[in-house]
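Here is how the chains run, residue by residue.
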Amino acid sequence: MKNSDMKGEKFMKTAIVYFSAHHGNTRKLVEGAKSRYPEIDVFDVVKEKPNLEEYDVIGIASGIYASSFGKPLLKFLNEKLPVGKKVFVVHTSGVNMKSYSKTAVNIAKDKNCEIIGEYSCKGFNTFGPFKLIGGTGKGRPSEKDIKAFCEFLKNKIV
Ligand SMILES: Cc1cc2nc3c(=O)[nH]c(=O)nc-3n(C[C@H](O)[C@H](O)[C@H](O)COP(=O)(O)O)c2cc1C
């Protein structure tokens, strides 16, 4: 296993693949963590289809659309998530329901991956009727959410 040294902390070689189509909420969360932990490789699945074989740990991150992770991310995972990896699952959504991780977790489990953790928080949401009231979750993910996500990463992959 190849480790890398981040600000004195030993991390397993980690990639996060994300999909963020609504307000860039998930991108904000993931890029916020990347600026704290630059050696994590971060990929927007719309722009890049990385080879995940070389990673010890893979993060799967998405906004939630009709209770599901983004379809382009799920398609990529179905086709390209290697078997037997350590996986963590991340989402941002309007109401932050734990069960929203299911669509991604199921694919990872089908590939005999080990789910090492799940992180989620609210994200700014102006979908449908919420637009009429100026949206919900303004400012989310917040700096506090990003900090909590960094803590999660530290606990899970150091
Ligand atoms: C088409 C659409 C469907 C959505 N469906 C849900 C939903 O089922 N549950 C929920 O809590 N939020 C829902 N949301 C809100 C998003 O999950 C939330 O704004 C999320 O943070 C978006 O992430 P993103 O900006 O990274 O795409 C939906 C948003 C859109 C645009």
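As a reminder, the structure under discussion sits directly above these lines.
Residues numbered from 1 in each chain as written. Predicted model: local features only at pLDDT ≥ 70, side-chain atom pairs only at ≥ 80, totals over all residues. Heavy atoms only, no water.

Trainee: Can you help me understand the site of the ligand in this one?
Mentor: In the vicinity of the ligand, 21 residues are found, and the nearest of them are S20, T26, I64, Y65 and T92. The side chain of T92 places a nitrogen or oxygen atom 2.7 Å from an oxygen atom of the ligand. Taking 640 Å² as the accessible area of the ligand by itself, protein coverage stands at 87%. Counting residues per element, the shell around the ligand draws most heavily on strand 5 (residues 57–65), at three residues. (Near = heavy atom within 4 Å. Polar contact = N/O pair within 3.5 Å; in protein donor to acceptor, adjacent residues only side chain to side chain. Areas by Shrake-Rupley, 256 points an atom, 1.4 Å probe, with all protein chains shown as cover. Helix = DSSP H or I, 4+ residues; strand = E, 2+ residues; numbered from the N terminus.)

Trainee: Any chance you could explain a nonpolar patch on the surface here in plain terms?
Mentor: Together, F130, L132 and I133 make up an exposed nonpolar region whose accessible area comes to about 360 Å². Mapped onto the fold, L132 is located in the loop between strand 8 (114–122) and helix 4 (143–157). (Patch = residues over 30% accessible without salt bridge, like charges linked within 9 Å, V, L, I, M, F, W, Y side chains within 5 Å. Salt bridge = Lys/Arg side-chain N within 4 Å of Asp/Glu carboxyl O.)

Trainee: Explain unusual backbone geometry to me, please; I cannot follow it from the model alone.
Mentor: Most peptide bonds are trans, and most residues other than glycine sit at a negative phi. Omega for the bond connecting R140 with P141 falls within 30 degrees of zero, at -5°, which places this linkage in the cis form. The backbone phi angle of A66 is positive, close to 50°, even though this residue is not glycine. As for its placement among the helices and strands, A66 is situated in the loop between strand 5 and strand 6 (68–69). With phi around 70°, S67 is a residue other than glycine that occupies positive phi space. Mapping S67 onto the fold places it in the loop between strand 5 and strand 6. The exposure class assigned to S67 is partly exposed, which follows from its relative accessible area of 46%. (Buried < 20%, exposed > 50% of the residue type's maximum accessible area, 1.4 Å probe, protein only.)

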